[in-house]
Amino acid sequence: MTALTLSTSAAPGLRADAIVIGVAKGTKGPVVAPGAEAVDKAYDGKLAGVLETLGASGAEGELTKLPAPAGFKAPIVVAVGLGAEPDAKSEDEGYDAEALRKAAGVAARALAGSKKAAFALPIDGPGAVGAIGEGVLLGAYSFDVYKDSAKDARAKNGKAPLAEAALLGGKPRDAAHKGALARAVAVAEELNRSRDLINMPPNDLDPAAFAAEAQAAAKEHGLKVQVLDEKALTKGGYGGILGVGGGSAAAPRLVKLSYTHPKADKHLAFVGKGITYDSGGISLKPAGHNETMKCDMSGAAAVFAAVVAAARLGLEVNVTGWLALAENMPSGSATRPGDVLRMFSGKTVEVLNTDAEGRLVLADALWAASQEKPDAIVDVATLTGAMMLALGSRTFGVMANDDAFRSTVHEAAEEVGEPAWPMPLPEHLRKGMESQVADIANMGERMGGGLVAGLFLREFVGEGITWAHLDIAGPAFNEGGPFGYTPKGGTGSAVRTLVRLAELTAAGELG
Ligand code: BES
Ligand code: MN
Ligand code: ZN
């Protein structure tokens, strides 16, 4: 990963491959953002005009390269768009954290192949340091372990990620600045780890391999880990996880990963859907719908990353992560449409469509999590195509059995720069899941399919436990081109929201 430092150096004398500056959209054209004063001065204060001539407007995502002024050690200046210039008259003047995160990400991505870049973006406090740090580390991400001999491949057709970034204007001796940077590093490293897991091909990341990753991380970070294999799941009566995993040659697992703090008085449980590959099972997905289904373990990857990040940050809260891992495959031992599963909770489920498998593994994990009576449960899942149709590919849906908690989760997401939107759980949709033979069917009305799935999950949350459900089917995997600090492929959706929720709980701000 890119090495980050806080630097008090002045831009002109800095030995680097590039100086990154911010340009914002002013009312009368582009304006150079604070932090780049030395660069602007070297252009005789005419940098904004130069940028405008080069076609820059200051729009988000925009990137303009220009030669550095005479006397600068770095050869080029990279100007990245910050969007609208903040209103000096408004209360919270200063650049929005997400604008800084995106701009830093755009620059880091464009600087792949470079050794060192200096970031002269506006820093008005620790919040900006954290945002720029996260943007750099997330934007510089690349997944190339499968490129034949990664080193040669990089030299031939790809570029190594930016090796080093110095944040100018960051205060290396200021505890708040250092703390913000350390938080950014811990969160981004774990988030990038979740991206690696998502991008890993399903022939290499089956449930057992995923569980082994959790065991290794637990050892490294002093977490408690418990892995239920097929035998233990059978003995425990986890009919949902076994029913989904039964068709695969790679047996399912349920992983419990626990971080505890000696002074904690709150307990959060995170539950992740971990379908290492979703073929649809006997209700097989057609070609065109299965090529990206290695991403169906993104919820489990997010939960995994968030628990490890909470541990690395030493948050004063207990966090238990539950990874419901299975591969959904068709075979002679697979669950058939029409089968009835007896779930861990004791309820029976008629499986009408084996492609609605996420809710089955989650049901068992939610019930397992409920047995510990945590203060709240949050599950994360690439659950329904319907949620993608509703919210598009960048926004996740938030459902909950408690209005206040749904708002808390939504606000936490917004705070960390993750687009999210509240969705309802309309009671009338429960009827569609009535089964002739079992307590409930795993399918209901097609309309509102994302909400139907949420209603199904709600039945497996223990009585009186506050619960929220994040359907990340849209944002988990980026099939388009990279944007901001988001790469193609696995994105690490929901990791930062979960970490924020753990922080809020630790700070006693979660009821
Ligand atoms: N993993 C899919 C949902 C999904 C679709 C995630 C596209 C990411 C991108 C899930 O298991 C699924 O197949 N859901 C079905 C449910 C239906 C059969 C009730 C769906 O959404 O079509
Ligand atoms: Mn499915
Ligand atoms: Zn699925």
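The structure presented is a predicted model; accordingly, all values stated were derived computationally and were not measured. (Residues numbered from 1 in each chain as written. Chains lettered and ligands numbered in written order. Predicted model: local features only at pLDDT ≥ 70, side-chain atom pairs only at ≥ 80, totals over all residues. Heavy atoms only, no water.)

From N to C terminus, the protein includes 15 helices and 20 strands. A compact globule built from 511 residues would reach a C-alpha radius of gyration of about 24 Å, and the protein, at 24 Å, matches this within 12%. Counting only C-alpha atoms and orienting by the principal axes, one finds that the protein spans roughly 80 × 50 × 45 Å. Looking at the 511 residues of the protein, the share that counts as buried comes to 56%. Considering only intrachain contacts with a sequence separation of at least 6, the fraction spanning at least 24 residues in the protein is 76%. Summed over its atoms, the accessible surface of the protein is roughly 20800 Å², and 51% of this surface lies on carbon and sulfur atoms. Side chains of the protein carry 50 positive and 60 negative charges; the gap between the two charge centres is 5 Å. (Helix = DSSP H or I, 4+ residues; strand = E, 2+ residues; numbered from the N terminus. Rg over C-alpha atoms; globule rule 2.2 N^0.38 Å. Buried < 20%, exposed > 50% of the residue type's maximum accessible area, 1.4 Å probe, protein only. Contact = heavy atoms within 4.5 Å. Areas by Shrake-Rupley, 256 points an atom, 1.4 Å probe, with all protein chains shown as cover. Lys, Arg positive; Asp, Glu negative; His and termini not counted. Charge placed at Lys NZ, Arg CZ, Asp CG, Glu CD.)

What the eight strands build is an open sheet, ordered E8-E9-E11-E10-E14-E18-E15-E16; its pairing is mixed. The outermost strands of the open sheet, each flanked by one partner alone, are strand E8 (224–228) and strand E16 (420–422). Strand-to-strand twist across the sheet, computed as the mean angle between neighbouring axes with direction ignored, equals 20°. Pairing geometry for strand E10 (residues 267–278) and strand E11 (residues 318–328), over eleven bridges, is parallel. Bridge pairing in E11 links Tyr277 to Glu327. (Pairing = 2+ DSSP bridges. Axes fitted to C-alpha atoms, helices over the stretch in contact; angles between N-to-C directions.)

Moving on: empty space enclosed by the protein. Inspection of every chain in the model, using the stated rule, returns one cavity of 30 Å³ or more. Size it by volume and the largest cavity reaches roughly 70 Å³. Taken together, the residues of the lining of the largest cavity break down into six nonpolar, six polar and one charged. (1 Å grid on protein atoms, 1.4 Å probe; cavity = no way out; pocket = protein on both sides within 12 Å on 5 of 7 lines; lining within 4 Å. Points joined across faces, edges and corners; volume = space filled by probe spheres on them. Nonpolar A, V, L, I, M, F, W, Y, C, P; charged D, E, K, R; others polar.)

Before going further, it helps to spend a moment on the pattern of salt bridges. By the definition in use, this model includes 22 salt bridges. Note that Glu60 and Lys102 form a salt bridge whose closest N and O atoms lie 3.2 Å from each other. Of this pair, Glu60 sits in the loop between helix H2 (47–53) and strand E4 (63–67) while Lys102 is found in helix H3 (residues 97–110), placing the two residues 42 residues apart along the sequence. Given a relative accessible area of 28%, Lys102 falls into the partly exposed group. With a closest N to O distance of 3.8 Å, Arg496 and Glu134 form a salt bridge. Separated by 362 residues along the polypeptide, Arg496 in helix H15 (residues 495–506) and Glu134 in helix H4 (residues 126–139) bring together distant segments of the chain. This pair shows no difference in class: Arg496 is buried, exactly as Glu134 is. (Salt bridge = Lys/Arg side-chain N within 4 Å of Asp/Glu carboxyl O.)

What follows is about unusual backbone geometry. The phi torsion of most residues other than glycine is negative, and most of the peptide bonds are trans. One non-glycine residue, Asp44, lies in the positive phi region at around 60°. Its place among the elements puts Asp44 in the loop between helix H1 (37–42) and H2. A relative accessible area of 63% places Asp44 in the exposed class. In the Ramachandran plot, Ala494 falls in the positive-phi region, its phi being about 80° despite a non-glycine side chain. Relative to the helices and strands, Ala494 resides in the loop between strand E20 (489–490) and H15.

With that settled, consider the UniProt feature "active site" (unreviewed entry) in the protein. Following the UniProt record, one finds the feature "active site" (unreviewed entry) at Lys285 and Arg359. Note that Lys285 resides in the loop between E10 and helix H10 (298–313). The class for Lys285 is buried, based on a relative accessible area of 15%. Residue contacts for Lys285: discarding those within four places in its chain leaves Asp278, Ser279, Gly280, Asn290, Met293 and Asp355. Within the fold, Arg359 resides in helix H11 (residues 358–370). Apart from the residues within four sequence positions on either side, Arg359 is in contact with Leu383, Thr384, Asn442, Met443, Val452, Ala453, Phe456 and Leu457. (UniProt positions renumbered as here; feature names shortened; annotations may be inferred.)

Looking now at the coordination of the manganese ion (ligand 2). The protein atoms donating to the manganese ion (ligand 2) are Asp278 (OD), Asp355 (O), Asp355 (OD) and Glu357 (OE), with metal-donor distances spanning 2.1 to 2.2 Å. Here the manganese ion (ligand 2) binds six donor atoms, and the angle range of 70 to 169° at the metal identifies the geometry as irregular. Mapping the donors of the manganese ion (ligand 2) onto the primary sequence gives the spacing D-x76-D-x1-E. Metal-to-metal, the separation of the manganese ion (ligand 2) and the zinc ion (ligand 3) is 3.1 Å; Asp278 coordinates the two. Placement of the pair is Asp278 in strand E10 and Glu357 in the loop between strand E13 (348–350) and H11, with a sequence separation of 79 residues. On the accessibility criterion, Asp278 (3% relative accessible area) is buried. (Donors = N, O, S within 2.8 Å, 3.2 Å for Na, K, Ca; no water. Tetrahedral: all angles 85-135°; square planar, octahedral: opposite > 155°, others 65-115°.)

Within E11, eleven of the eleven residues are buried, leaving the element largely enclosed by the surrounding structure. Residues of E11 alternate between two faces, with Asn318, Thr320, Trp322, Ala324, Ala326 and Asn328 on one and Val319, Gly321, Leu323, Leu325 and Glu327 on the opposite face, all of them buried. The pairing of strand E9 (residues 253–259) with E11 spans seven bridges and is antiparallel. When the sheet's bridge partners are listed, Leu257 is paired in E11 with Gly321. For the handedness criterion, the β-α-β arrangement of E10, H10 and E11 is classed as right-handed. (Right-handed = clockwise from strand over helix to strand, strands pointing away.)

Glancing now at the coordination of the zinc ion (ligand 3). Looking at the metal site, the zinc ion (ligand 3) is ligated by Lys273 (NZ), Asp278 (OD), Asp296 (OD) and Glu357 (OE), spaced 2.0 to 2.4 Å from it. Coordination geometry of the zinc ion (ligand 3): the six donor atoms subtend angles of 79 to 175° at the metal centre, consistent with an arrangement described as octahedral. On the primary sequence, the residues serving as donors to the zinc ion (ligand 3) are separated as K-x4-D-x17-D-x60-E.

Turning to the sheet that holds E13, a few remarks are in order. Judged by pairing direction, the sheet is mixed, and its three strands sit side by side in the order E12-E13-E17 without closing on themselves. The sheet terminates laterally at strand E12 (340–342) and strand E17 (440–441), the two strands that pair on one side only. Bridge count between E12 and E13: three bridges; the pairing is antiparallel. Looking across to E13, one finds that Val340 is bridged to Glu350.

This brings us to the packing of helix H6 (residues 175–199) against H15. Relative to each other, H6 and H15 sit at 135°, their axes nearing to 10 Å. In this view, H6 runs oblique relative to H15, as classed from their interaxial angle. Considering the relative orientation of H6 and H15, their crossing is right-handed. Of the residues in H15, those touching H6 at Arg183, Val187, Leu191 and Ser194 are Val495, Arg496, Val499 and Glu503. Of the residues in the contact of H6 with H15, the class split is four nonpolar, one polar and three charged. (Parallel < 35°, antiparallel > 145°, perpendicular 65-115°, else oblique. Left-handed = near helix turned anticlockwise from the far one by under 90°.)

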